[in-house]
Each structure stands twice: as structure tokens, then as C-alpha cells.
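Observations on the three-dimensional arrangement
Residue-level listing of the chains:
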Amino acid sequence: MMRLQQYLICAAAIAGLSLAGCSGTNLVGNTGSPNGDGKGGQPAPAFTQFTDIPMPSNSSLDMDRSIIFGASDAWHGRLVLNSGGSQAQMYDFYEREMPNFGWSKVTVVRADISVMVYDRENRVATIKLSGGSFAGSVVDVTVSPKG
């Protein structure tokens, strides 16, 4: 019985902390073609809210697999991008661009599924690169507080 109470308290605390990190701001804005629509009249996601992470121009945000808490340069969570570039191109892109955004390389593993870890101030970014279903690649960026 005591263990069940501890479990419920822990679950409530995690849920509360997760909700506390949410902001009322829509972090994935709507932009697209000059008329404001993406393909088929659907709004296309914009990456302008993520000013501290480089975003490849040939990518789209997978809204179903992404979750973001916070805003501006203090966000944390997971961004999943479907990129038109190959895994090798995305590796080179992030290796070149992350230092330009103030991130320092901690470690990298270049393989069939590559993992790159960077840190900046009080945050850590882990970038996982894998091949896409048909072409291109999948970029999974997870940013979390240090510690």
C-alpha cells in the first residue's frame, strides 16, 4: 500500500513538472509559401522559434514525434525532423553549424545510426541521425538541462 502511494506521488510530481514547463506560446509557428499555406493548404511548420539550434533548410518537423517545453533559448524536449539530405550531409551540417550557435562538442559516434552530443551553458543537446524510410534522413534532436 505504501509503495502504491509513493508511486502515485512520484507520477503526480512528474506530471506537474512537465506541465509547469509548458508555455502558452506556440513554438512551431505557421509559415510556408507566400500565401501562408504549406502543401495542400495545410500550414507548414516554421523553425524560427528555435534560435539556438541550426535547422537544415530541406527539413520538415514531424509534429507527431516532437514535444517541446519552454520557449526561446530555454526550451527543452525533442524535435524530430525529416530531412531531404542524406545522413552524411546532416552529420556534416551539424558538425559545422553547432559551434556557430555556441554549442561545444562533447562526443560523437559516426555509424549507421550516428549520435552527436553537444553542451551549451546549462543544457545538453543529443542529435541522433538515421536513414529515412525511402530517402533522406531522420534527425532526432533532444535538448535537456545539464545534470
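Please refer to the structure higher up on the page.
Description of the structure in this document. (Residues numbered from 1 in each chain as written. Predicted model: local features only at pLDDT ≥ 70, side-chain atom pairs only at ≥ 80, totals over all residues. Heavy atoms only, no water.)

Counting buried residues in strand β7 (residues 114-120) gives 5 out of 7 residues, a clear majority hidden from the surface. Where strand β6 (residues 104-109) lies against β7, 5 bridges are found, and the strand directions are antiparallel. For Val 109, the partnering residue across the bridge sits in β7 and is Val 115. Connecting β6 to the next strand, β7, in antiparallel fashion are 4 residues. Relative to strand β8 (residues 123-131), β7 is paired through 7 bridges, and the arrangement is antiparallel. (Buried < 20%, exposed > 50% of the residue type's maximum accessible area, 1.4 Å probe, protein only. Helix = DSSP H or I, 4+ residues; strand = E, 2+ residues; numbered from the N terminus. Pairing = 2+ DSSP bridges.)

Right, let's talk about the environment of Pro 54 for a bit. Position of Pro 54 relative to the elements: it lies in the loop between β2 (44-45) and β3 (59-61). Pro 54 gets classed as buried once you look at its relative accessible area, which sits at 1%. Residues in contact with Pro 54, not counting those within four places in the same chain, are Phe 93, Tyr 94, Glu 97, Met 98 and Phe 101. (Contact = heavy atoms within 4.5 Å.)

Take it as geometry only, folks, not as evidence of what the structure does.
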